[in-house]
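# Structural characterization, general
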Amino acid sequence: MRKGYLVLEDGHVFEGLRFGGEGCPIGELVFTTGMGGYLETVTDPGFAGQIVIQTYPLIGNYGVIGTDLEGSCRLRGYVVREICSTPSNFRAEGDLETYLKEQGVPGICGVDTRELTRILRENGTMNAVICDEIPADLEAVKAYRVAEPVEDKASETFPAEGEELFRVTLVDYGTKHSIIRQLTKRGCTVTVVSGITPAEEILAGKPDGVLLSNGPGDPMDYRAQVEEVKKLMGKVCVFGVGLGHQLCALAQGAKTFRMKYGRRGANQPVRDLAGTRTYITGENHGYAVDAETVTVGSVRYQNVNDGTCEGIDYADLRAMTIQFQPEGCTDVKGNCFQFDRFLNLMKGGNL
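The present account deals with the structure reproduced in this document. Note that the structure is a prediction, hence the values are computed from the model and not measured.

## Observations concerning the overall build of the chain
Secondary structure summary: the chain contains nine helices and 19 strands in total. Rg of the C-alpha trace for the chain: 20 Å, near the compact-globule value of 20 Å for 351 residues, within the 12% margin. For the C-alpha atoms alone, the extent of the chain along its principal axes is close to 60 × 45 × 40 Å. Each of the 351 residues in the chain was classed as buried or not, and the buried ones make up 58%.

Written out as structure tokens, the structure reads:
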């Protein structure tokens, strides 16, 4: 390891040790509060374009496990207090530092991640750069923004486990593998299509339901996708997750806004406004739907901490959306019932 720096757009400088890939990436600096699941974090496509801080101090202690990876590694950079170079786990296939080097993702360790998190909580999300020398001019850092977040991929089909009950088209804006697994184990054959696929092509496949996946970036940058979502809603059962939730809201005339520092981690309390339950959820987003602008459908879920919209039911359109992550593969495992709600909707049931 060699000396390196994490430099924030406001001039804060943190000295540490570089590991992983080479280069001096600029990215949007965000923090995630999960105490486990670092593999799911580094391979979550929803972090595309971002430099991620892990608030939990020791990262990499159980190595890299191939079956736990969620997708392509699209981080711009990775910041930890301490990285473990000698992982211990019977499932480990290698160490995290080597994996990040292979993926070309630069990291920096030995920095005060608590202080970094305080800065972002007080001042809001900002850009940063991981570098070998402190830059004299930070204009390029300040100007950075996540661009072209949707990857154009070939479609792929995953067969149902056991008897096929439903056929679901998953529109991939940055989906996680665990969402596909939750559907296939419930008897759904899942066809994953690119996030730029036209609604007409999706409907031509005659799916029983469409899942609009989570993904990175500002939902207002997905104007073309919003128009396609508008064509889908009311024609087929729709389940929007994360970014998919935001795109559905925009398609029905609501507005979104950028949060001060977003929510990333596995400890967010969400209240079900249709009942008495509160769920602890995993989340990864920097934007939210403005509940005051929702005129179609009804807000179903609400964040307990700040009152923001966490989900909308569109009963007349046979659609449901949630901001939080339902797949439950890391710290939070109690929200997978959202997939059962989706299956019930495809059966003709009510929300």
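On we go.
## What about the pattern of salt bridges?
Within this structure, the stated rule accounts for 20 salt bridges. Linking Asp68 and Arg91 is a salt bridge whose minimum nitrogen-to-oxygen distance equals 3.1 Å. One end of the pair, Asp68, is in the loop between β5 (58-59) and β6 (77-80); the other, Arg91, is in the loop between β7 (82-83) and α2 (96-103), with 23 residues separating them in the sequence. Take Arg91: its relative accessible area is 34%, and that puts it in the partly exposed class. The closest approach of N and O atoms between Arg114 and Asp112, which form a salt bridge, is 3.9 Å. Accessibility expressed as a relative area gives 34% for Asp112, which makes it partly exposed.

## Overview of the sheet that holds strand β12 (residues 188-194)
What links the strands of a sheet is backbone hydrogen bonding, and the strands pair in either a parallel or an antiparallel sense. Taken in spatial order, the ten strands make up an open sheet running β10-β12-β11-β13-β14-β19-β18-β17-β15-β16, and their pairing is mixed. Two strands close off the open sheet at either side, each with one partner strand: β10 (156-158) and β16 (278-289). On average, adjacent strands in this sheet sit at an angle of 25° to one another, irrespective of strand direction. Bridge analysis of β10 against β12 gives three bridges, and the strand direction is antiparallel.

## A look at the sheet that holds strand β9 (residues 126-131)
Strand order in the closed barrel formed by seven strands is β1-β2-β8-β6-β4-β3-β9, and the pairing between neighbours is mixed. The mean angle between the axes of side-by-side strands here comes to 35°, regardless of whether they run parallel or antiparallel. Inspection of the sheet shows strand β3 (residues 26-32) paired to strand β4 (residues 50-54) by five bridges, in the parallel sense. From the neighbouring strand, Glu28 faces β4, where its bridge partner is Gln50.

## Observations regarding the environment of Glu115
With respect to the helices, strands and loops of the structure, Glu115 is situated in helix α3 (residues 113-123). On the basis of relative accessibility, which here comes to 30%, the residue Glu115 falls in the partly exposed class. Once the C-alpha coordinates of Glu115 and Thr55 are considered, the two residues, 60 residues apart in sequence, prove to be 9.9 Å apart.

## A few points about the state of the cysteines
Applying the stated rule across the entire model yields zero disulfides. Of the cysteine sulfurs around Cys24, a residue in no disulfide, the closest is that of Cys131, at 5.8 Å.

## A look at the pairing of strand β15 (residues 256-272)
As paired strands, β15 and β16 are joined by ten bridges and run antiparallel to one another. For Arg258, the partnering residue across the bridge sits in β16 and is Tyr287. The loop that links β15 with its antiparallel partner β16 comprises five residues. Of the strand pairs in this sheet, β15 and strand β17 (residues 298-303) are connected by three bridges, and their pairing is antiparallel. Bridge assignment links Arg271 to a residue of β17, and that residue is Gln302.

## Re the side chain of Gln252
Residue placement: Gln252 occurs in the loop between α8 (243-251) and β15. Of the residues examined, Gln252 reaches a relative accessible area of 19% and is grouped as buried.

## Quick word on the packing of aromatic side chains
The full count for this structure, using the stated rule, is seven aromatic pairs. Ring centres 6.0 Å apart and planes at 80° place the aromatic pair Phe239 and Phe339 in the edge-to-face group. Here Phe239 is found in strand β14 (residues 237-241), whereas its partner Phe339 is found in helix α9 (residues 337-346), with 100 residues between them in sequence. Here the aromatic cluster, defined as three or more aromatic residues joined through ring pairs, consists of Phe239, Phe339 and Phe342.

## Here's the deal with the nonpolar core
In globular proteins that are soluble, nonpolar side chains generally tend to be buried together. Residues Tyr173, Leu212, Val229 and Met233 are the most contacted members of the largest nonpolar core, which totals 28 residues. Elements with a contribution of two residues or more to this core: α6 (199-204), β13 (209-212), α7 (223-232), α8 and β18 (309-314). For this core, the element with the highest residue contribution is α8, accounting for six residues. Not counting residues within four places of it along the chain, the set of residues in contact with Met233 comprises Val238, Cys248, Ala251, Gln252, Tyr314, Leu317 and Ala319. If you look at the next biggest cluster of nonpolar residues, it comprises 24 residues, including Phe166, Leu211, Cys237 and Val270.

Rules and cut-offs
Residues numbered from 1 in each chain as written. Predicted model: local features only at pLDDT ≥ 70, side-chain atom pairs only at ≥ 80, totals over all residues. Heavy atoms only, no water. Helix = DSSP H or I, 4+ residues; strand = E, 2+ residues; numbered from the N terminus. Rg over C-alpha atoms; globule rule 2.2 N^0.38 Å. Buried < 20%, exposed > 50% of the residue type's maximum accessible area, 1.4 Å probe, protein only. Salt bridge = Lys/Arg side-chain N within 4 Å of Asp/Glu carboxyl O. Pairing = 2+ DSSP bridges. Axes fitted to C-alpha atoms, helices over the stretch in contact; angles between N-to-C directions. Disulfide = S-S within 2.5 Å. Phe/Tyr/Trp six-rings, centres within 6.5 Å; stacked < 30°, edge-to-face > 60°. Core = buried A, V, L, I, M, F, W, Y, C linked by side-chain atoms within 4.5 Å. Contact = heavy atoms within 4.5 Å.

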